[in-house]
Amino acid sequence: MTLATVPEYGSARTTRKAGHAVVAGAGMAGLLAARVLADHFEQVMIVEKDSLPDAPVTRKGIPQANHIHNLHEAGRRTLEDLFPGFSEDLIAAGGNRIEINSDSRVFIEGDVLAHGPGRLPMYCASRPLFELVTRRRVDDVDNISLREHCQFIDYLVGETAPNVEGISIRQDGRTEEIPADLVVDATGRTSRTPDWLAEHDYPTPTVDEVHIDVVYSTALVNRPVDAQQTRVVLPNPPRKRGGGMFPVENGRWMMTLFGVHGEHAPPHPEGFADFAASLPIPDFKRVIDEHGLASETIEQYPFPSNKRVRYEEIDRFPDGLVVIGDGIASFNPIYGQGMSVAALEALQLHHALAADGTDDLAHRFFQRAETVVDDAWMLAVGSDFQFRQTTGPKPTGTDLINKYLSRLLRKARTDGKLADAFNRVIIMEERPTSLFRPRILWRVLTPSL
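Parameters and conventions
- Residues numbered from 1 in each chain as written.
- Predicted model: local features only at pLDDT ≥ 70, side-chain atom pairs only at ≥ 80, totals over all residues.
- Heavy atoms only, no water.
- Helix = DSSP H or I, 4+ residues; strand = E, 2+ residues; numbered from the N terminus.
- Buried < 20%, exposed > 50% of the residue type's maximum accessible area, 1.4 Å probe, protein only.
- Polar contact = N/O pair within 3.5 Å; in protein donor to acceptor, adjacent residues only side chain to side chain.
- Contact = heavy atoms within 4.5 Å.
- Axes fitted to C-alpha atoms, helices over the stretch in contact; angles between N-to-C directions.
- Parallel < 35°, antiparallel > 145°, perpendicular 65-115°, else oblique.
- Left-handed = near helix turned anticlockwise from the far one by under 90°.
- Nonpolar A, V, L, I, M, F, W, Y, C, P; charged D, E, K, R; others polar.
- Core = buried A, V, L, I, M, F, W, Y, C linked by side-chain atoms within 4.5 Å.
- Expected span 1.5 Å × (residues − 1).
- Phe/Tyr/Trp six-rings, centres within 6.5 Å; stacked < 30°, edge-to-face > 60°.
- Lys NZ or Arg CZ within 6 Å of the ring centre and 35° of its normal.

### Considerations on the side chain of Asp283
- One can find Asp283 in helix H8 (residues 283-291).
- Residue classification places Asp283 among the buried residues on the basis of a relative accessible area of 3%.
- Within the structure, the side chain of Asp283 is placed 2.7 Å from the side chain of Arg231, a separation counted as a polar contact.
- Ignoring sequence-local partners within four residues, the contact set of Asp283 consists of Arg105 and Arg231.

### Quick look at the packing of helix H12 (residues 416-426) against helix H13 (residues 438-445)
- Where H12 meets H13, the axes come as close as 10 Å, and the angle between the chain directions of the two elements is 125°. In terms of orientation, H12 and H13 fall into the oblique class. In this structure, H12 crosses over H13, and the sense of that crossing is left-handed. On H13, the residues that touch Lys417, Leu418 and Ala421 of H12 are Ile440, Arg443 and Val444.
- Split into classes, the residues belonging to the contact of H12 with H13 amount to 4 nonpolar, no polar and 2 charged.

### What about the nonpolar core?
- Core analysis: the biggest nonpolar cluster contains 98 residues, and Leu37, Val44, Val47, Ile167, Phe317, Ile324 and Leu349 have the highest contact counts within it.
- The element contributing the most residues to this core is helix H10 (residues 361-384), with 11 residues.
- Setting aside its immediate chain neighbours within four residues, Ile324 contacts Ala29, Ala33, Val184, Asp185, Ala186, Glu345, Ala346, Leu349 and Phe365.
- Ranked by size, the runner-up nonpolar core spans 29 residues in total, among them Leu408, Leu435, Ile440 and Val444.

### Quick notes on helix H9 (residues 338-356)
- With 19 residues, H9 should cover 27 Å at 1.5 Å per step; its first-to-last C-alpha distance of 27 Å lies within 8% of that length.
- Within H9, 16 of the 19 residues are buried, leaving the element largely enclosed by the surrounding structure.
- Downstream of H9 by one or two residues, Gly357 has phi in the positive range, about 60°.

### Some words on the packing of aromatic side chains
- Applying the stated criterion across every chain yields a total of 10 aromatic pairs.
- Taking 6.2 Å as the distance between ring centres and 20° as the angle between the ring planes, the aromatic pair formed by Trp196 and Tyr202 counts as stacked.
- When its relative accessible area of 4% is taken as the criterion, Trp196 is described as buried.
- Three or more aromatic residues joined by ring pairs form one cluster here, namely Phe152, Tyr155, Trp196 and Tyr202.
- The ring of Phe303 has Arg189 sitting right over it, with the charged end atom 4.7 Å from the ring centre.

The following block contains the structure:
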């Protein structure tokens, strides 16, 4: 599901506040989960192992934060509903607002897509700034507390049934038990919940992994104050290289270069510039030559595979626990879906709680989260399977869909309405199925004159 199909947030649906909830992890998924829990619980606590300074700095627990992060429109509008004025706060903190249909150039299928007729805003910033602005707004919620330097150790279980009744943490060398009526695991891709389930005789979920072997390298580039250009080159067989360039705070572009299946941008300035020159549009190298790198080092991060944990398929799960964010699914980061998927999952957690409280919450939430993950998974994994080297479970119909999308994108080089329809899917405003509506099918399948 996407912005077009997930019901909007509505605080009026909350009828009572009772009990305590605890969230393990203060990344975007954890912060957003805490915000919706605050409508339903008397007290909400977030515990985080890292330090959380009031500054946009990369923290140890999120090494990928040094690289491009997109906040798609689905994520931004959800954040705006949860935190009215969020977009203005982001701009005031140094973020940028661009128009996709005037400021961007997207190269795919051998050429640049046409600009569409509609207005498509995108808010650009570094991941640490997105997180900082969100954390400040969470801090403003009276019944949410946040504890840093807290290492999550284990779940607390009941005496008569292995249901979750809180967590144990370690802080300053001391161990502490924190009781809770609900625990949300927002610890990310390295979540230990599957292992915990196996140790306590619960069914273990199936894990789908689609291996793409992407490595991305990132540098900051000096940017004139009025320059808002955004550039994206997506890999497309046989070309395995790509890149993205977005305006961020402090007069910089964040430039991420990446390659899949063995094509990796070097982690040093000379090799980085040479890799930029190898891309099919000259914009990346020209910006480096004209404005210069603002980074002395090149940050690099490997991402071996898309990963999806199928919690929705298991028939028995402990009461008092749910998993959210990358602990459910993490996607090839070149498509920029992570923060927006986390926002929509938090929205689904809100709706699940508003509908029936905590009764059978995990089962109901995982079913709702599946509808969010399905669309994002189809986009990321489907694109990755363009390459014959990609391995893992291939969704049914992927090859046929890829052939259709290839034709659509070739037509979108000169057809702004097709480019607009594709962009609205990418920003998670519309579902991928919208590209098969009759008016789109007609434009795609009608022979070019």
